[in-house]
Amino acid sequence: MRAIVLRAHGGPEQLRLEAYPDPVAQPGDVLVRVRACGLNNLDTQIRRGIPGVAIAMPHVLGCDIAGEVVALGPQPGLPAAGALGAAVAVSAALAPAARPLQTGDRVIVCPGSACGRCRACLTGNDSACPQYVMLGYQRHGGYAELVRVPARSVLRVSDRWSWEEWASVPLVFLTAWHMLIGRARLQPGETVLVHAAGSGVGIAAIQIAQVAGARVIATAGSDAKLERARQLGAHAVVSYARPDWHKDVRRHCGGEGVDVVLEHVGADTWSGSLASLARGGRLVTCGATSGPHVGIDLRHLFVKQLTLLGSYMGAQHELLRVVELLERSQLRPVVDGVFPLEEAAQAHERVGRREHFGKVVLRV
């Protein structure tokens, strides 16, 4: 198969198209022919090298995969006639009852997989599993023509959206859903501040907050992105190019502040995010793009009775709910640009410039 192979950390020039051995479906696996793979900031971080994190080389990046099932490995513990009926989640919008997965099925892949047996997995908290691993990070991903994934990680989808649009969904919509619904417990009528409105997580969060019946204030660094965020459904927009942007956020809330902050930028926005919260507000964070080290005045935390929540990926049942809403067009993917597989380096350069609004996708 053709694959973009990383053999050393560094710049985009390290992403090289090679002939690479085809993966083989092992027991409990399926083989997916990749039609499109979305890019994430995680891809660029792994490519550059994450301090303290060892990546086995050679490595294939990519955790946002849409494609077709081409082979099914033996499924231990399941009868042959219903090989994957109990393991594969199927959108209720597509079929009233699950059927066994078959070759040729259109699927997206849950970006992380867990053991399925521990307390976290059995209580629907997959990403807290001690054995949780991510495609394109701890195992080979989707910058390739074929990928081997656990059978329980695939979700059947329709042709309502293109391959590139479906590949724009898994990581960012799962992350945003788990942050807002799973962790912050966003309620109808509340106000949520969504940072980096042009990012994949930001775009997903704006839409999910609307589905939840919340009011959205979105931030971005350019007028063009702010206008796109407004068109996507943000009720108010704020430029964080202004040093006192958090005051603008509070003005949009009548001076009281927001109920929830979706924080995934890190050091650059942290203090402003805390200052934007109303009394009793919740800040949920999943990332540290601008740096992981932040400060906090504990008096501010306890006097205002704030809640700080960490969030990491999400559970497969949450991604299933996202797929159901996408199938009904209550949510929609937003694609910024599509590059052929062999132009993965150029795609990384576009992500690195942070000019995009929506997802950058590789067409395989």
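Our structure is the block above this text.
Note that the structure is predicted; figures quoted are calculated from it, not measured.

Student: Which residues make up the pattern of salt bridges, and what values go with them?
Tutor: Per the stated rule, a full pass over the model turns up 18 salt bridges. The partner of Arg156 in a salt bridge is Asp105, with the nearest N and O atoms 3.3 Å apart. Pair noted here: Arg156 is in strand E10 (residues 154-156) and Asp105 is in the loop between strand E5 (89-90) and strand E6 (106-109), with a separation of 51 residues, a long-range link. With a relative accessible area of 8%, Asp105 lands in the buried category. Within this structure, Arg242, Asp244, Asp248 and Arg251 form a network of salt bridges that share partners.

Student: Just give me the short version of a nonpolar patch on the surface, but keep the residues and values in it.
Tutor: Taken together, Ile296, Leu298, Phe302, Val303 and Leu308 make up a surface patch of nonpolar side chains, about 470 Å² in accessible area. For Leu298, the position within the fold is in helix H9 (residues 298-303). A relative accessible area of 53% places Leu298 in the exposed class.

Student: Tell me about the side chain of Lys225, residues and numbers included.
Tutor: Of note, Lys225 is situated in helix H6 (residues 223-232). A polar contact is formed between the side chain of Lys225 and the backbone oxygen of His356, at a distance of 3.4 Å. Discounting residues that sit within four places of it in the chain, Lys225 has contacts with Gly198, Ala220, Arg354, Glu355, His356 and Phe357.

Student: A description of helix H5 (residues 200-211) should follow, citing residues and the corresponding values.
Tutor: Under the 1.5 Å per step criterion, the end-to-end length of H5 is 17 Å for 12 residues, consistent within 8% with the ideal 16 Å. In terms of burial, H5 is a largely internal element, 10 of the 12 residues being buried. Within H5 the residues assigned to the buried category are Gly200, Val201, Gly202, Ile203, Ala204, Ala205, Ile206, Gln207, Ile208 and Ala209. On its buried face, H5 sits against helix H4 (170-183), strand E11 (191-194), strand E12 (215-220), H6, strand E14 (258-263) and strand E18 (359-363). Within two residues after H5, Gly213 carries a phi angle of roughly 85°, on the positive side.

Definitions and cut-offs
Residues numbered from 1 in each chain as written. Predicted model: local features only at pLDDT ≥ 70, side-chain atom pairs only at ≥ 80, totals over all residues. Heavy atoms only, no water. Salt bridge = Lys/Arg side-chain N within 4 Å of Asp/Glu carboxyl O. Helix = DSSP H or I, 4+ residues; strand = E, 2+ residues; numbered from the N terminus. Buried < 20%, exposed > 50% of the residue type's maximum accessible area, 1.4 Å probe, protein only. Patch = residues over 30% accessible without salt bridge, like charges linked within 9 Å, V, L, I, M, F, W, Y side chains within 5 Å. Areas by Shrake-Rupley, 256 points an atom, 1.4 Å probe, with all protein chains shown as cover. Polar contact = N/O pair within 3.5 Å; in protein donor to acceptor, adjacent residues only side chain to side chain. Contact = heavy atoms within 4.5 Å. Expected span 1.5 Å × (residues − 1).

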